[in-house]
Amino acid sequence: MENTLNQQIKHFYDRSTPIWLDTWGEHMHHGYYGADGTERKDHRQAQVDLVEEMLHWGGVDQARRILDAGCGVGGSARYLAKRFVSAALGLTLSTVQAEQARQYTAKAGLENQVQFQVRDMMTLNVSDGPFDLVWSMESAEHIRDKQQLFHIFYDVLTPDGHFLMATWCHRPLPPGLSERDQRLLDKIGKLYHLPPMVSRSALVEYAEKAGFTEVKSVDWSRAVEPFWHAVIKTALRWSSIGGLLRAGWPTIKGAWAMRYMQQGFKRGLIEFAVLKGRKG
């Protein structure tokens, strides 16, 4: 089952990455628009601001070796490696993303600091570390066994190492999810190739069970919600529409899912969860 999911994710990003690069840029994640989401800025600047806000909130001001687990085309890996003058390893399931990441990295002159592998992050083990920082930016939602994911992150970190994670969750429970809620989550999951979402409190519990200390979480949904309007507007340019048509039906459906994500945020059904923890 996991191999099938991984193949679906790989195929989706192999086909869709060029259009996402045009729409999202090399940071293939949300942007930060201030705590209440009212700051007006270019969405690519907002993406960089999200990285900085996570570092500030997480209290991370140095790291010698970084793991970017689910790196996309390496935007975060390059940014962090340059900011901390450190080494970074990025993992992705997509060969297209890995090749694009290497091209961006060479252009930035960071090929001696930042490396990429086409690899399932769930295959990591102690021998792959140690890392001072595990960075997980909007990739954990693709992982079915999230408890095991935190165990893996714990194993590859140095003592006193930190993890920082941003991921999509459904709203807190109780109350339970309504049929309407579940239908919308199912649509998003099918189009973006996601296993069932969990709540933010469940992720905190998984992290603590894995051994992490000082685990904290926060909901930044309001801060990032304007991003969907920005990228939908960008995706509707004629050049982007042509790219969608060339990328094929799965990518077109993935683009349509942006509307479902926007609905989820507006209804308070989806949370943009940010978590941190330390290996005690």
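Scroll up to find the structure.
What counts and what doesn't
- Residues numbered from 1 in each chain as written.
- Predicted model: local features only at pLDDT ≥ 70, side-chain atom pairs only at ≥ 80, totals over all residues.
- Heavy atoms only, no water.
- Helix = DSSP H or I, 4+ residues; strand = E, 2+ residues; numbered from the N terminus.
- Polar contact = N/O pair within 3.5 Å; in protein donor to acceptor, adjacent residues only side chain to side chain.
- Contact = heavy atoms within 4.5 Å.
- Salt bridge = Lys/Arg side-chain N within 4 Å of Asp/Glu carboxyl O.
- Buried < 20%, exposed > 50% of the residue type's maximum accessible area, 1.4 Å probe, protein only.

Participant: An account of the side chain of R119 is needed here, citing residue identities and associated values.
Facilitator: Mapped onto the elements, R119 comes out in the loop between β3 (114-118) and β4 (131-137). A polar side-chain atom of R119 sits 2.8 Å from a polar atom in the side chain of T123. Polar side-chain contacts of R119 include one of 2.9 Å to the side chain of D128. Those residues in contact with R119, other than ones at most four positions away along the chain, are L91, T92, L93, L124, N125 and D128.

Participant: A description of the pattern of salt bridges should follow, citing residues and the corresponding values.
Facilitator: With the rule as written, the count across this model stands at 13 salt bridges. Between R64 and D132 there is a salt bridge whose closest N-O contact spans 3.6 Å. Taken together, the residues R64 in the loop between α2 (43-58) and β1 (65-69) and D132 in strand β4 connect sequence positions 68 residues apart. For R64, a relative accessible area of 67% puts it in the exposed group. Accessibility expressed as a relative area gives 16% for D132, which makes it buried. For D160, the salt bridge goes to R278, with nearest N and O atoms at 2.4 Å. Within this pair, whereas D160 is found in strand β5 (residues 157-170), its partner R278 is found in strand β7 (residues 270-279), the two being separated by 118 residues in sequence. Through salt bridges with shared partners, one network takes in E39, K41 and D49.

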